[in-house]
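Reading the structure
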Amino acid sequence: MRYVQTTCPYCGVGCTLNLVVNDGKLVGVEPYRRSPINEGKLCPKGMTCHEFVHSPDRLTKPLIKKDGEFVEASWDEALDLVAKKLRETSDKYGPKSLGFQVSCRTPNEECYIMQKIARVGFLTNNVDNCARICHGPSVAGLSLSFGSGAATNPFEDVLNSNLLLVWGSNAVEAHPLVGRRIAQAKLKGIPIIVIDPRYSPTARLADDWVRFNPSTHIALANSMMYWIIKEGKHDKEFIEKRTKGFDDLKKMVEKYADVENITGVPTEKVREIALKYAEAKNAVIIYCLGITELTTGTDNVRSMGNLAMLTGNIGRPGVGVNPLRGQNNVQGACDMGAYPNVYSGYQKCEDPAARKKMETAWGLKEGSLPDWYGSTLTEQINECGDPIKAMYIFALNPVVSYPDSNHVKRSLEKLDFLVVQDIFWTETCEYADVVLPGASFAEKDGTFTSGERRINRVRKAVDPPGDAKEDWEIFVLLAQKLGLKGFDFKSPQEIWDDMRKVTPSMAGCSYARLEKPESLHWPCPTEEHPGTPILHVDKFSAPDGLGTFFGLEYRPPAEVADAEYPFTLMTGRLIFHYHTRTQTDRARILHYEVPENYVQINTEDAKRLNIVRGEKVKVRSRRGESIAVARVTDEVGPGVLFMAMHFPEGANALTNTALDPLSKMPELKHCAVTVEKIKEGN
Ligand SMILES: Nc1nc2c(c(=O)[nH]1)N[C@H]1C(S)=C(S)[C@@H](COP(=O)(O)OP(=O)(O)OC[C@H]3O[C@@H](n4cnc5c(=O)[nH]c(N)nc54)[C@H](O)[C@@H]3O)O[C@H]1N2
Ligand SMILES: Nc1nc2c(c(=O)[nH]1)N[C@H]1C(S)=C(S)[C@@H](COP(=O)(O)OP(=O)(O)OC[C@H]3O[C@@H](n4cnc5c(=O)[nH]c(N)nc54)[C@H](O)[C@@H]3O)O[C@H]1N2
Ligand code: SF4
Ligand SMILES: [Mo]
């Protein structure tokens, strides 16, 4: 028996755990008690994260589609074909004809090497990761407000706070070990306000749960700020010394004294929670997808920034604005430059000095790297066929996870060539020309960067099955086939060091230093630097050192309920499943907990439509339909439905592709639907 200390492959909390290995196989998961993140505790997904690894369903051989059938191939044959097709496409149609979709599930080293292939091999910025449909608005919004798009404070810091404002986050189910911190805060008597249209398991922890109409965040936040300013509870000194744009904000919020007709929240309640937040000595905002996955996502995030700066809640323990980053490595995929406008460490592609630096480091001709903003994840889907002819999807399952599945399927069909690199056969593989079998988190080394900017080590415990290869190695082999220089890596550590050389904010994070249980939070520019758990202490990260207020107008979502589609559909997660279930559905307990798609409907609505608990109903939108088991409950209000996003032909058969103009986030959390009984015999 061997214990291999590693990092959980699911959510952005980044819990440390021990994989138990016997005879070259994983046989269990044991706690790692010295971890300051989770102190030996794990949620049901972490506890069972070894189960999918040896599933008989794992991909074990490269597959090539020949005459409509997938046939097994050698690595040489498969990678020759991939290299040839990508090169031919780029030679014929130019750098905008390729799309690279990078995972947030895989280690930093693999994200870095994939974007390096796109940039060095094909001089394209059409490279993006699934933060785009997750916390893209956090990156965009917090960069505008604070100069850096990352969470400001560590998770455990909530215990130093005097008030928790949890907004659009169901941490108890989606980030259970942060949920634990919130529960600990409650036990310490720290007041908790949860703002959510749904009475979620997290809302149950609240002293104040505020139900509001979905997607009316800006109206609510503006109104809170109106009352804070009106009552003189804003932090005048902080505003004066550390920020700009206050007058814009003040003028804007004057219109928002009473927003009950928009938000459904009585003015007195808005005033009450606003003053509680403003009067707390140290108050922290924790938010998640309820804020970001809307066409107003970036403005919603900037509203969180506005609130924190207005009350001086930035730059010390117990305060801050903390987006709970979703995937195990979504922070890292962004940090590594798997983004259409930045290199690693957020060095901007439009900046000639940054391009020149990368060209020198990567051995490219001066002036060769593109300055244009590449296509984002879902824009690439819209561009399938024209101008995008070939796409490389690495560890993502767009047919289930992107908005409007029918649109995704139609788009992928328009490609001349599609590569999918996964560990399981997914709904997306059906549309591929080549499927490459990668290795799971337990089968390779590397690092994941958690939602608190902490860089955690991932360690190899067992070998990948059959001919499957570690993903970084697949990219090294592909780079060789493409004849690229600068990809002669023999280990993930060598890739990490290559990244560190060009990335000032992470230059000090050597593998040796990451060995310690407490690891390191970037920015960490030198080997001597202790890392930076709390951002914006003396000044903001913007070039002028100031935070920026934005006066933001409330805008309704792109599609609102009407006579034809009278319900608002909200989508989200439950504790037992992770996204498109390729992994969690192969853990026995998790599968049995929730084996099929369901929809929550309010008791009154169900009565009116004669829908009873447990019956199958049909939910329809302008884009598609989904069959789901009805859960009749008062957790959702009248006129609102909630569906988990985990099932094929589920929520994303219905969702809307409309985008937030600033971050290009699709409106995954709001669309108009109708729900009906399935008639006998249908
Ligand atoms: N078990 C599990 N954990 C996960 C994941 C998983 O798949 N499964 N995924 C991980 C990832 S990648 C992410 S990004 C995080 C996400 O973590 P969360 O964002 O916390 O999870 P969600 O359930 O998507 O949405 C959170 C809440 O937003 C609320 N909400 C608030 N305001 C609004 C609104 O105006 N409109 C709508 N429609 N909803 C609103 C919903 O009611 C819901 O309770 O979870 C991570 N953790
Ligand atoms: N309606 C609606 N839609 C949503 C959301 C929502 O709240 N509502 N949330 C959105 C969010 S926040 C996110 S993050 C996305 C997630 O969307 P996806 O990232 O597409 O979902 P996953 O199921 O996590 O897909 C990851 C794939 O990677 C594979 N994989 C895992 N580890 C490895 C590895 O190490 N190597 C290789 N090669 N493959 C691996 C898995 O088998 C799986 O097929 O979904 C988004 N979609
Ligand atoms: S809270 Fe997140 S990181 Fe921790 S065990 Fe659960 S899924 Fe894994
Ligand atoms: Mo996410």
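Here the structure is shown first, and the text comes after it.
All of the points below concern the structure found in this document.

The rules behind these values
Sequence positions are assigned chain by chain, starting from 1 and proceeding in written order. To label them, take the chains in the order written and letter them from A, then take the ligands in the order written and number them from 1. Totals for whole chains, interfaces and linings use every residue, but because this is a predicted model, local features are given only for residues with pLDDT of at least 70 and side-chain atom pairs only at 80 or more, for both listing and counting. Calculated side-chain values reflect all of the structure's heavy atoms, with hydrogen atoms and water omitted. Lining residues are defined by having an atom within 4 Å of a point belonging to a cavity or pocket. Those points lie on a 1 Å grid over the protein atoms alone, cavities being sets where a 1.4 Å probe fits but cannot get out and pockets being open sets with protein on both sides within 12 Å along at least five of seven lines. Grid points are joined across faces, edges and corners, and a volume is the space filled by probe spheres set on the points. The residue classification treats Ala, Val, Leu, Ile, Met, Phe, Trp, Tyr, Cys and Pro as nonpolar and Asp, Glu, Lys and Arg as charged. All others, Gly included, are polar. Per the convention used, a helix needs a DSSP run of H or I reaching at least four residues, while a strand needs a run of E reaching at least two, with both numbered from the N terminus. For helices, the fitted axis covers only the stretch in contact; all axes are lines through C-alpha atoms, and the angles between them, taken along N-to-C directions, range from 0 to 180 degrees. Angular relationships are summarised with four words: roughly parallel below 35 degrees, roughly antiparallel beyond 145, roughly perpendicular across 65 to 115, and oblique for the angles in between. Crossing chirality is assigned from the near helix's rotation relative to the far helix, an anticlockwise turn below a right angle marking it left-handed and a clockwise turn marking it right-handed. Residue contacts follow a heavy-atom distance rule, with two residues in contact if any of their heavy atoms lie within 4.5 Å. Two strands pair under a simple rule: DSSP has to find at least two bridges between them. Distances are taken per atom, and a residue is near a molecule or strand as soon as one of its heavy atoms is within 4 Å of it. Whenever a nitrogen or oxygen atom comes within 3.5 Å of another N or O atom, the pair is scored as a polar contact, on the condition that within protein one atom can donate a hydrogen and the other can accept it, and that pairs from neighbouring residues in sequence are kept only if both atoms are in side chains. Relative accessibility decides the category of a residue: with a 1.4 Å probe and only protein chains considered, values under 20% of the type maximum give buried, values over 50% give exposed, and everything between is partly exposed. The directions considered for the arc are those from the helix axis to the C-beta atoms. For this analysis, a salt bridge means a side-chain nitrogen from Lys or Arg found within 4 Å of a carboxyl oxygen belonging to Asp or Glu.

1. Comments concerning empty space enclosed by the protein
The final tally for this structure, using the stated rule, is seven cavities of 30 Å³ or more. Approximately 570 Å³ is the volume found for the largest cavity. If you trace the largest cavity, you find 39 residues lining it, with Arg-105, Gln-327, Ala-395, Tyr-578 and His-579 closest to the centre. Grouping the constituent residues of the lining of the largest cavity by class yields 16 nonpolar, 15 polar and eight charged. Taken as a whole, the second largest cavity holds about 480 Å³ of empty space. Put simply, the parts of the chain that give the lining of the second largest cavity at least two residues each are helix H5 (171–174), helix H12 (289–292) and strand S23 (567–572). Class assignment for the residues of the lining of the second largest cavity results in 15 nonpolar, 14 polar and six charged.

2. Quick look at the layout of surface pockets
Roughly 1,300 Å³ of internal volume is contained in the largest pocket. For the lining of the largest pocket, the secondary-structure elements that each account for two or more residues are helix H4 (136–146) and strand S15 (347–348). Looking at the lining of the largest pocket element by element, the count peaks at five residues for H4. Class assignment of the residues belonging to the lining of the largest pocket gives a composition of 21 nonpolar, 16 polar and seven charged. Lining the second largest pocket we find 18 residues, and of these Phe-212, Asn-213, Pro-214, Thr-568 and Val-640 sit closest to its centre.

3. Things to note about the packing of helix H7 (residues 217–230) against helix H11 (residues 267–279)
Running from amino to carboxyl end, H7 crosses H11 at an angle of 70°, the nearest separation of the two axes being 8 Å. Considering the angle they form, H7 stands roughly perpendicular to H11. In this structure, H7 crosses over H11, and the sense of that crossing is right-handed. Every residue of H11 that contacts H7 at Leu-220, Ser-223, Met-224, Trp-227 and Ile-228 is listed here: Thr-267, Val-270, Arg-271, Ile-273, Ala-274, Leu-275, Tyr-277 and Ala-278. Residue composition of the contact of H7 with H11, grouped by class: 10 nonpolar, two polar and one charged.

4. Remarks on the sheet that holds strand S20 (residues 454–458)
The three strands are arranged S19-S20-S21 in an open sheet whose pairing can be described as antiparallel. For this open sheet the edge positions go to strand S19 (446–449) and strand S21 (520–521), each flanked by a neighbour on one side alone. Summarising the sheet, S19 and S20 pair through four bridges and their orientation is antiparallel. Paired with Thr-447 across the two strands is Arg-457, which belongs to S20.

5. Thoughts on the site of ligand 1
Contacts to ligand 1 come from 31 residues, most closely from Ala-174, Asp-196, Ser-215, His-577 and Lys-669. Here Leu-574 contributes a backbone N or O atom positioned 2.9 Å from a nitrogen atom of ligand 1. Those elements that place two or more of their residues in the shell around ligand 1 are H5, H12 and S23. Residues that form the shell around ligand 1 fall into these classes: 12 nonpolar, 13 polar and six charged.

6. Concerning helix H15 (residues 352–361)
Ala-354, Arg-355, Met-358 and Glu-359 are the residues of H15 that are buried. When H15 is viewed along its axis, its buried side chains cluster within an angular range of 135° and face the same direction. Exposed residues pointing more than 90 degrees away from the buried face of H15 are listed as Pro-352, Ala-353 and Thr-360. Contact partners of the buried residues in H15: strand S14 (342–343) and S15. Regarding H15, its N-cap is Asp-351, as a side-chain oxygen of that residue lies 3.0 Å from the backbone nitrogen of Ala-353 further along. Just beyond H15, the residue with positive phi is Gly-363, at close to 70°.

7. What to know about the pattern of salt bridges
Applying the stated criterion across every chain, the model contains 49 salt bridges. Asp-128 is paired through a salt bridge with Arg-132; the nearest N and O atoms lie 2.7 Å apart. There is no split in this pair, since Asp-128 and Arg-132 are both buried. Residue Glu-635 is joined to Arg-204 by a salt bridge in which the shortest nitrogen-to-oxygen separation is 2.7 Å.

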